[in-house]
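# Structure assessment
One-letter residues, chain by chain:
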Amino acid sequence: MSARVHQGAVIDASAELGADVEIGPGCIVGPNVRLHDRVRLVANVFIERDTEIGEDTIVYPFAVLGTPAQDLSYKGEPTKLIIGKRNQIREHVAIHRGTVKGKSGGVTRVGDSGYFMTHSHIGHDCTVGDHVIFASAATLGGHAQVGDFVILGGLSAVHQYGRVGRHAFIGGMAAVVTDVIPYGMAHGNHAHLDGLNVVGMRRRNFSRELVHDLRAAYRLLFAEEGTFQERLEDVAQTYVKTAEVMEIVDFIRADAQRPLCMPHV
């Protein structure tokens, strides 16, 4: 079935509309925008240009997508925003295109099945995984990386170049200026690590044995004895066959531009 476009919408001639796309009144869809099958723009959505949105994504009024990076070095170079499938993008959400200096090749990328509540923001060159939840006004600075199943509480903010590992939970109003390990839970201003996101893991049917191993590895990693590097090596050796623990180890060992989020002493 062809796209259904309200007569009050403005669609650039170069835009590509998939089957069963629905575009409501007041929407503006700019050049080189591609809306895959069954995308729905409810009303008054602005997509400036060079943006791709995956199947079954719904965008609510006054969302602004594909606008230029809020970066003084950006000079209008061709960059993109790519949003995956089955996302819900609520009112006043803003997601910007990338920059040519971004590691993602000039692309801001959002995965599948995310839920982005009102006024949440994804800055330029960010990479966001699948099944994330951004509560109202959650914000990512430029170049941030957020893994699958992450939950960002309302009014929280992740510093530019920050990383939040898979399955992590960020509490409301947290200022995250350090990298949060996979499965971690952080809150506060500035945010500190406060254990693991055990509730989230149980909701996703992690086994009791796996949760036990993750908690034991966490206690070993952040114990008081020895240096942090020594404890990291101990965890890597002890849990080398546990993929989820090694995910934390690899996250810590990876090249990063922000320090690691740590527990309060």
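Everything here concerns the structure above.
A few points on the structure. Being a predicted model, the structure only gives us computed values, none of them experimental.

### Points about the environment of Arg166
Residue placement: Arg166 occurs in the loop between strand 24 (163–164) and strand 25 (169–170). Measuring from C-alpha to C-alpha, the distance between Arg166 and Met185 comes to 11 Å, with 19 residues separating the pair along the chain. Once you skip the residues sitting within four places of it in the chain, Arg166 turns out to touch Gly147, Asp148, Val150, Pro182, Tyr183 and Glu247. Within polar-contact distance, the side chain of Arg166 engages the side chain of Glu247 at 2.7 Å.

### Here we look at the pairing of strand 15 (residues 107–110)
Of the strand pairs in this sheet, strand 12 (residues 80–83) and strand 15 are connected by four bridges, and their pairing is parallel. Considered in strand 15, the bridge of Ile82 is made with Arg109. Relative to strand 18 (residues 127–128), strand 15 runs parallel, the two being bridged by two bridges. Residue pairing across strands places Arg109 opposite Thr127, the latter belonging to strand 18.

### Quick look at the packing of helix 2 (residues 208–221) against helix 3 (residues 228–238)
Angle between the axes and distance between the axes are the two parameters that describe a pair of packed helices. One way to put it is that helix 2 packs onto helix 3 with a least axis distance of 8 Å and a crossing angle of 155°. Considering the angle they form, helix 2 stands roughly antiparallel to helix 3. Where helix 2 crosses over helix 3, the handedness of that crossing is right-handed. Across the interface between the two elements, Ala217, Leu220 and Leu221 from helix 2 touch Phe228, Arg231, Leu232, Asp234, Val235 and Thr238 from helix 3. Tallied by class, residues from the contact of helix 2 with helix 3 come to six nonpolar, one polar and two charged.

### Quick word on helix 4 (residues 243–253)
All buried positions along helix 4 are accounted for by Val245, Met246, Glu247, Ile248, Val249, Phe251 and Ile252. Elements that come into contact with the buried residues of helix 4 comprise strand 24, helix 2 and helix 3.

### Describing the packing of aromatic side chains
Following the criterion strictly, the structure yields four aromatic pairs and no others. Note on Tyr183 and Phe206: the rings are 5.9 Å apart at their centroids and 70° apart in plane angle, and the pair reads as edge-to-face. Taken as a pair, Tyr183 in the loop between strand 26 (175–176) and strand 27 (184–187) and Phe206 in the loop between helix 1 (198–203) and helix 2 lie far apart in primary sequence, 23 residues in all. Accessibility assignment for this pair places Tyr183 and Phe206 in one class, buried. Seen from their ring centres, Phe222 and Phe228 are 6.0 Å apart, and the 35° between their planes marks the pair as tilted. Accessibility expressed as a relative area gives 22% for Phe228, which makes it partly exposed. Three or more aromatic residues joined by ring pairs make a cluster, and in this case those are Tyr218, Phe222 and Phe228. For the cation-ring pair, Arg163 lies above Phe251, with the distance from its terminal atom to the ring centre recorded as 3.9 Å.

### Points about the sheet that holds strand 11 (residues 64–67)
Sheet architecture is open: nine strands sit in the order 2-5-8-11-14-17-20-23-26, paired in parallel fashion. At either margin of the open sheet sits one strand with a lone partner, and together these are strand 2 (10–11) and strand 26. Where strand 17 (residues 121–122) meets strand 20 (residues 139–140), two bridges bridge the pair, whose relative direction is parallel. Each bridged residue has a counterpart across the sheet, and for Ile122 the counterpart in strand 20 is Leu140.

### Details of the packing of helix 3 against helix 4
One way to put it is that helix 3 packs onto helix 4 with a least axis distance of 10 Å and a crossing angle of 145°. Every pair of crossing elements has a handedness; the one defined by helix 3 and helix 4 is left-handed. Contacts from Phe228, Leu232, Glu233, Val235 and Ala236 in helix 3 reach Val245, Met246, Val249, Ile252 and Arg253 in helix 4. Classifying every residue of the contact of helix 3 with helix 4 by side-chain character gives eight nonpolar, no polar and two charged.

Scoring rules and cut-offs
- Residues numbered from 1 in each chain as written.
- Predicted model: local features only at pLDDT ≥ 70, side-chain atom pairs only at ≥ 80, totals over all residues.
- Heavy atoms only, no water.
- Helix = DSSP H or I, 4+ residues; strand = E, 2+ residues; numbered from the N terminus.
- Contact = heavy atoms within 4.5 Å.
- Polar contact = N/O pair within 3.5 Å; in protein donor to acceptor, adjacent residues only side chain to side chain.
- Pairing = 2+ DSSP bridges.
- Axes fitted to C-alpha atoms, helices over the stretch in contact; angles between N-to-C directions.
- Parallel < 35°, antiparallel > 145°, perpendicular 65-115°, else oblique.
- Left-handed = near helix turned anticlockwise from the far one by under 90°.
- Nonpolar A, V, L, I, M, F, W, Y, C, P; charged D, E, K, R; others polar.
- Buried < 20%, exposed > 50% of the residue type's maximum accessible area, 1.4 Å probe, protein only.
- Phe/Tyr/Trp six-rings, centres within 6.5 Å; stacked < 30°, edge-to-face > 60°.
- Lys NZ or Arg CZ within 6 Å of the ring centre and 35° of its normal.

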